[in-house]
Amino acid sequence: MASNPHDVLIRPLVTEKAYVMMQENKYMFKVPMDANKTEIRRAVEEIWKVKVLSVTTVRVPGKTKRMGSKIGRTSDYKKAIVRLAEGATIPEFTGM
C-alpha cells in the first residue's frame, strides 16, 4: 500500500471521453498497475476532501508501434474512473 496519496494518482486523463464523463460527475486518473480500488478512493478523498461513491478500474493494454524496421510496444497502464457524490467537484478540473 502506498502511504502517500499522490503516489496512487499518477495523473489525470484528459480526453474527450473524460470531459463528457465530467458532466456525470466522473473523473479519470492514470494509476499504478498494483493500485486497488480502496487505495484510489482514499487518495481522492484525502487530496480533494470529496465523497467518492464508486471506483471502477480498467487495465489498458499497450499498443504495438513501429519505428522504421523496429517493432516496439507501449506500456500497459491502469486507469481509474472515480464517481463523486452529487454536488462534489474537483476544482482543478472545472477550469479546464
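Before reading on, note that the structure itself is shown above.
So, here's what we can say about the structure.

Calculation rules
Residues numbered from 1 in each chain as written. Predicted model: local features only at pLDDT ≥ 70, side-chain atom pairs only at ≥ 80, totals over all residues. Heavy atoms only, no water. Helix = DSSP H or I, 4+ residues; strand = E, 2+ residues; numbered from the N terminus. Contact = heavy atoms within 4.5 Å. Salt bridge = Lys/Arg side-chain N within 4 Å of Asp/Glu carboxyl O. Buried < 20%, exposed > 50% of the residue type's maximum accessible area, 1.4 Å probe, protein only.

**Let's talk about the environment of Val58**
Next up, step 1: Relative to the helices and strands, Val58 resides in strand S3 (residues 52–60).
Next up, step 2: Sequence spacing of Val58 and Ala80 is 22 residues, and the spatial spacing of their C-alpha atoms is 6.4 Å.
Next up, step 3: Ignoring anything within four residues of it in the chain, the contact list for Val58 reads Tyr77, Lys78 and Lys79.

**Examining the pattern of salt bridges**
Next up, step 1: For the structure shown, the criterion picks out two salt bridges.
Next up, step 2: A salt bridge links Lys26 to Glu24, with the nearest nitrogen and oxygen atoms 3.9 Å apart.
Next up, step 3: Looking at Lys26, the relative accessible area reads 26%, which means it is partly exposed.
Next up, step 4: Note that Arg73 and Asp76 form a salt bridge whose closest N and O atoms lie 3.2 Å from each other.
Next up, step 5: By relative accessible area, which is 54% here, Arg73 ends up exposed.

So, to be careful, I would describe these as geometric facts and stop short of saying anything about function.
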